[in-house]
Amino acid sequence: MEKLITNFNYVIVVILMMIGLWAMLAQKNLIKKCIGMAIFQTGIILFFISIGAKNKAKVPILSKFVVENSSAIIVNDYANPLTQILMLTAIVVGVATLGVGLALAQKIYQQHSSFDEDEILENQRK
Amino acid sequence: MGFLGYILISTGLVFFLGTTIGLLRFPDFYTRMHAAGKGDTLSTVMILIGCICLVPMDLLLAIKILLIINFIFIGSPTATHAMMDAGNKAGAVPWRKDSE
Amino acid sequence: MPELPIWQFDVLLLILVVVFAVVALSIRNLMGAAVVFGAYSFMMCLIWAGMGAVDVAFTEAAVGAGVSTVFVVSTLYNTGATMQRRTGGLAFKLFIGVVVTVAGAFLLSALPDFPKWGAPDSPVNATVAPYYILNTFEDAHVPNIVTSVLADYRGFDTLLETTVVFIACIAIYSIMRVDNAKLETDEPAIVAAPRYDPSDSLIVRQASRFMVPFMQLFALYVIAHGHYSPGGGFQGGVILGASLILLAISFDLKFLLRQWSEKTLMLLVAAGVFLYAAVGLACVFMGGNYLDYGFLDSVLPGERDMARSHGILLVEIGVGITVMFSMIAIHINLASNGRFDRGL
């Protein structure tokens, strides 16, 4: 129970990932599938950001005082920048993927006049 | 000065609460947009002025927050107007008391 | 109890974000789902800012909550589909729910082994990250650790990420773009015509005409000041793209295409990646490794560390150019159904 509180962020991350996965598999509408993919991606990003967070830590930007006086930089004062950098890439790639998914959905709608999976498959069999 | 900042932020939150209640309780699209648009802008501007009062020594930061207030003050009512206009052209019917 | 500052607030936001995700997936009205998805992105942005990741929160606010929502709404507008069909298939959804719950339980069984939320001694903070924090200012004279690692220490990743954005732009272009001349003969009758012309409103036009120059000025500030504050190439590029998308939405799409023709847009998308790769190649010509900006110190003003700082600025400008024109090109393609004549 104690573990549930101290590791709460991982619980939320797993719940978000599974919601996104469920949406991609079970929802019939193409737009809902795209939204589910985006939820999955942001869940992963939340995971990486939360493992890089530190107690009582500042944003990873060296302050003016530290820079001008070249005083010692205490590592534990700053949140971990490495995970944030990987996630910056992930966000931009995520929006690019969402754009491609939406373009494909729009083209499918032009051919079959429906976003619904069942109707599209029925239409294709004709 | 800091105390004034906290008071302003709390007042902004109270106005947000009013906005939310209005959004849920009003009977019609137009009245809801009215509540949302006005209350939203007012609460945001109040909270930001409270933030200015919390950092009076950092003049550059205060000027930046003032610029943010300026753009929110112009942009948020315009967005509300655009939505109401779109609703009007799409055919939303205003609520009348006798049609209840 | 975890010791993060205001951990109760973080826990509340995390629970709220799950609620938002569930609501976004269960609304039948697709426009409503798009808007709640935008709200979900903003909530995630708040959580990340609270955990100390302001650059990531900035990017998510600009990209995820701003531009993504515009893309989804453009798609819905163009196709005219607003409601999800009410289907049965409850058994299938329950079956997938069980599968997903089992998978989630497997993942959660590793929960006791994870390091505590916010612990400074977790394995993530042990290896390379302290080196970056301690040596960024000496090596590259850039106080923003995220920008310096992104563009200097891990420059290859950022080059390939910019290429991915470029490839996505080309992919959408090749999927959507149709030739207007062949339209009568080949394409079937498509797209629900919009019921009214969105550019009728004087207020919206004047307000956006006022805001666009300030948005662009702010975006240039974000790119240039990315060394000292949260910001950098991506965020500035997305804000620049969003300013031109605002012009396209509030005026007419043709208005934007008159200022920036299609050929210019696609050339400039490639120009950003070219700039980035060319800076790397210039370092090779100066005698160093690819993307080793220190060797540019004979060409750029200053010592080796200032040369690295200027090299970072140059590649951030390249990234900003590519991202800006990619966002605009993707929006025009999605909003006008590939025909580049009229749209959202």
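Cut-offs and rules
Residues numbered from 1 in each chain as written. Chains lettered and ligands numbered in written order. Predicted model: local features only at pLDDT ≥ 70, side-chain atom pairs only at ≥ 80, totals over all residues. Heavy atoms only, no water. Helix = DSSP H or I, 4+ residues; strand = E, 2+ residues; numbered from the N terminus. Buried < 20%, exposed > 50% of the residue type's maximum accessible area, 1.4 Å probe, protein only. Contact = heavy atoms within 4.5 Å. Buried area = accessible area lost by both parts, 1.4 Å probe. Salt bridge = Lys/Arg side-chain N within 4 Å of Asp/Glu carboxyl O. Expected span 1.5 Å × (residues − 1). pLDDT = per-residue confidence, 0-100. Phe/Tyr/Trp six-rings, centres within 6.5 Å; stacked < 30°, edge-to-face > 60°. Lys NZ or Arg CZ within 6 Å of the ring centre and 35° of its normal.

The subject of this paragraph is the overall build of chain C. Across its full length, chain C carries 12 helices and 0 strands. Starting at the N terminus and ending at the C terminus, chain C contains elements arranged as α-α-α-α-α-α-α-α-α-α-α-α. Expressed along its principal axes, the backbone C-alpha trace of chain C runs to roughly 60 × 55 × 40 Å. Of all 344 residues assigned to chain C, the portion counted as buried reaches 49%.

Here we take up the interface of chain C and chain A. Between chain C and chain A, the residue contacts involve 97 residues of the former and 81 residues of the latter. Of the roughly 8500 Å² buried at the junction of chain C and chain A (both faces included), carbon and sulfur atoms supply 75%. Contact with chain A buries area across many residues of chain C, yet C:L25, C:W117 and C:I133 alone supply 8% of it, more than any other trio. Scanning the region where chain C abuts chain A turns up 0 salt bridges.

Quick look at helix 12 (residues 304–335) of chain C now. End to end, helix 12 of chain C covers 47 Å across 32 residues, agreeing with the expected 46 Å (1.5 Å per residue, within 8%). Helix 12 of chain C sits mainly inside the fold: 24 of its 32 residues count as buried.

So, on to the confidence of the model for chain A. In the predicted model, chain A carries a mean pLDDT of 88, and the fraction of residues at 70 or more is 99%. Here helix 1 (residues 2–6) of chain A stands out as the element of chain A with the lowest mean pLDDT, 75, in contrast to helix 3 (residues 30–51) of chain A, whose mean of 93 is the highest.

What follows deals with the arrangement of the chains. By number of contacts, the leading pair among the 2 pairs of chains in contact is chains A and C. Looking at chain A next to chain B, you find no contact at all, with the nearest C-alpha pair sitting 14 Å apart.

With the rule as written, the count across this model stands at 17 aromatic pairs over all chains. Ring centres of A:Y10 and C:F114 lie 4.2 Å apart, and the angle between their planes is 15 degrees; on these two criteria the pair is classed as stacked. Residue A:Y10 is located in helix 2 (residues 8–26), and its partner C:F114 is located in the loop between helix 4 (90–108) and helix 5 (129–140); the two belong to separate chains. A network of ring pairs unites the aromatic residues A:Y10, A:F47, A:F48 and C:F114 as a single cluster. C:R304 extends its terminal NZ or CZ atom over the ring of C:F295, reaching a point 4.7 Å from the ring centre. Here C:R308 stacks its cationic end above the ring of C:Y153, 5.6 Å away from the centre of that ring.

A few words on unusual backbone geometry. If you check the backbone angles, A:S113 has positive phi at about 50 degrees while not being a glycine. Within the secondary structure, A:S113 is located in the loop between helix 5 (81–112) and helix 6 (117–125). Residue classification places A:S113 among the exposed residues on the basis of a relative accessible area of 53%. Phi angles above zero are rare outside glycine, and C:H141 is one such case at about 55 degrees. Tracing the backbone shows C:H141 in the loop between helix 5 and helix 6 (145–153). Judged by its relative accessible area of 27%, C:H141 is partly exposed.

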